[in-house]
Amino acid sequence: GHILKSAESLDGIIKDLNKVVELRNNLFQIKEKIEIQKTVEEVWFVLDQNVKQCNGKLMLNIDVPVFYGVRPYFQSIIYNLISNAIKYRHMDRDCLIRISSANKDNKCIIEVQDNGIGIDLDRYGEKIFGMYKRFHDHMEGKGLGLFLTKQQVEAMNGRIHVESKLGIGTRFSIELPSIPLSQIESQLFYK
């Protein structure tokens, strides 16, 4: 039993590392038109059972409806941030997630804010996007989601910032370049 458990654990680590290598190799960075609200709604639908369990509510304020980026990366980013907001919700209130998009200084700014339990940034701020870093022991997880999220944002030439207050909630702000399709000259399937 111990050997089986160890083998499963190693298999999980290998799969995680494979995800990181795929990101770093940038093999499939095909930029396309991404509808922000549609992507959020698709992720919300996928997480439907989790949303119902926490009486989740979604509020959207989408001022910039589309941007050009890597669709699988953006879907994964939104999935990780919404699923974390649900997982680390505050048990004394309904889960509320606000997602907005705006244009600032020729950049697409996407914010994902929740009213969950928050993260102690004074204690964990330096490690928040680290690989296999976890900050709440009462929930299952590998500590890989935020690491991959940061890698995916940076693979699209963006930046991610976090603000959080314990007991109040967390806000992730993603800054992505606003590139019109006319400026995307050519795309490679393989380098």
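Residues numbered from 1 in each chain as written. Predicted model: local features only at pLDDT ≥ 70, side-chain atom pairs only at ≥ 80, totals over all residues. Heavy atoms only, no water.

Another aspect to go through is helix H2 (residues 36-46). Turning to H2, its buried residues are Ile36, Thr39, Val40, Val43 and Trp44. When H2 is viewed along its axis, its buried side chains cluster within an angular range of 135° and face the same direction. Relative to its buried face, H2 has exposed residues pointing more than 90 degrees away, namely Phe45 and Val46. (Buried < 20%, exposed > 50% of the residue type's maximum accessible area, 1.4 Å probe, protein only. Helix = DSSP H or I, 4+ residues; strand = E, 2+ residues; numbered from the N terminus. Arc of directions from axis to C-beta.)

Before going further, it helps to examine the packing of H2 against helix H4 (residues 71-87). Packing of H2 against H4 leaves a shortest axis separation of 10 Å and a crossing angle of 50°. The angle between H2 and H4 falls in the class oblique. Here H2 runs over H4; the crossing is right-handed. Between H2 and H4, the contacting residues are Ile36, Thr39, Val40, Glu42, Val43, Trp44 and Val46 on the first element and Phe74, Gln75, Ile78, Tyr79 and Ile82 on the second. Classifying every residue of the contact of H2 with H4 gives 9 nonpolar, 2 polar and 1 charged. (Axes fitted to C-alpha atoms, helices over the stretch in contact; angles between N-to-C directions. Parallel < 35°, antiparallel > 145°, perpendicular 65-115°, else oblique. Left-handed = near helix turned anticlockwise from the far one by under 90°. Contact = heavy atoms within 4.5 Å. Nonpolar A, V, L, I, M, F, W, Y, C, P; charged D, E, K, R; others polar.)

Here we come to the sheet that holds strand S4 (residues 96-104). Strand order in the open sheet made by the 5 strands is S2-S4-S5-S7-S6, with mixed pairing throughout. Each end of this open sheet is capped by a strand with a single partner; those strands are strand S2 (57-62) and strand S6 (159-165). Direction aside, the axes of adjacent strands within the sheet are offset by 15° on average. The pairing of S2 with S4 spans 6 bridges and is parallel. (Pairing = 2+ DSSP bridges.)

Ranked by internal contacts, the top residues of the largest apolar core, which has 37 residues, are Phe67, Ile82, Ile86, Ile97, Ile110 and Ile174. For this core, the elements supplying multiple residues, two or more each, are H2, strand S3 (66-70), H4, S4, strand S5 (107-114), helix H6 (145-155), S6 and strand S7 (169-177). Sorting elements by how many residues they give to this core places H4 first, with 8 residues. When residues no more than four places from it in sequence are discounted, the contact partners of Ile174 are Ile77, Leu81, Cys108, Ile109, Ile110, Val153, Arg159 and Ile160. (Core = buried A, V, L, I, M, F, W, Y, C linked by side-chain atoms within 4.5 Å.)

Once that is clear, we can look at the pattern of salt bridges. Within the structure shown, the criterion is met by 5 salt bridges. Notably, a salt bridge pairs Glu175 with Arg159, separated by 3.0 Å at the nearest N-O pair. With Glu175 in strand S7 and Arg159 in strand S6, this residue pair connects regions lying 16 residues apart in the sequence. (Salt bridge = Lys/Arg side-chain N within 4 Å of Asp/Glu carboxyl O.)

Turning our eyes to something else, we now look at unusual backbone geometry. One non-glycine residue, Asp105, lies in the positive phi region at around 50°. On the basis of relative accessible area, Asp105 is assigned to the exposed category, the value being 65%. Positive phi, close to 60°, is recorded for Asn106, a residue that is not glycine. Among the secondary structure elements, Asn106 is positioned in the loop between S4 and S5.

Moving on to empty space enclosed by the protein. Per the stated rule, a full pass over the model turns up 1 cavity of 30 Å³ or more. Here the largest cavity defines a volume of roughly 50 Å³. Lys31, Phe67, Tyr68, Gly69, Met156, Leu176, Pro177 and Ile179 are the residues that line the largest cavity. Mapped by element, the contributors of at least two residues to the lining of the largest cavity are S3 and S7. Of the residues contributing to the lining of the largest cavity, the split by class is 6 nonpolar, 1 polar and 1 charged. (1 Å grid on protein atoms, 1.4 Å probe; cavity = no way out; pocket = protein on both sides within 12 Å on 5 of 7 lines; lining within 4 Å. Points joined across faces, edges and corners; volume = space filled by probe spheres on them.)

This part covers the pairing of S3. Counting buried positions along S3 gives 4 out of 5 residues, so the element sits mostly inside the fold. Where strand S1 (residues 31-35) meets S3, 5 bridges bridge the pair, whose relative direction is antiparallel. Bridge pairing links Glu35 to Val66 in S3.

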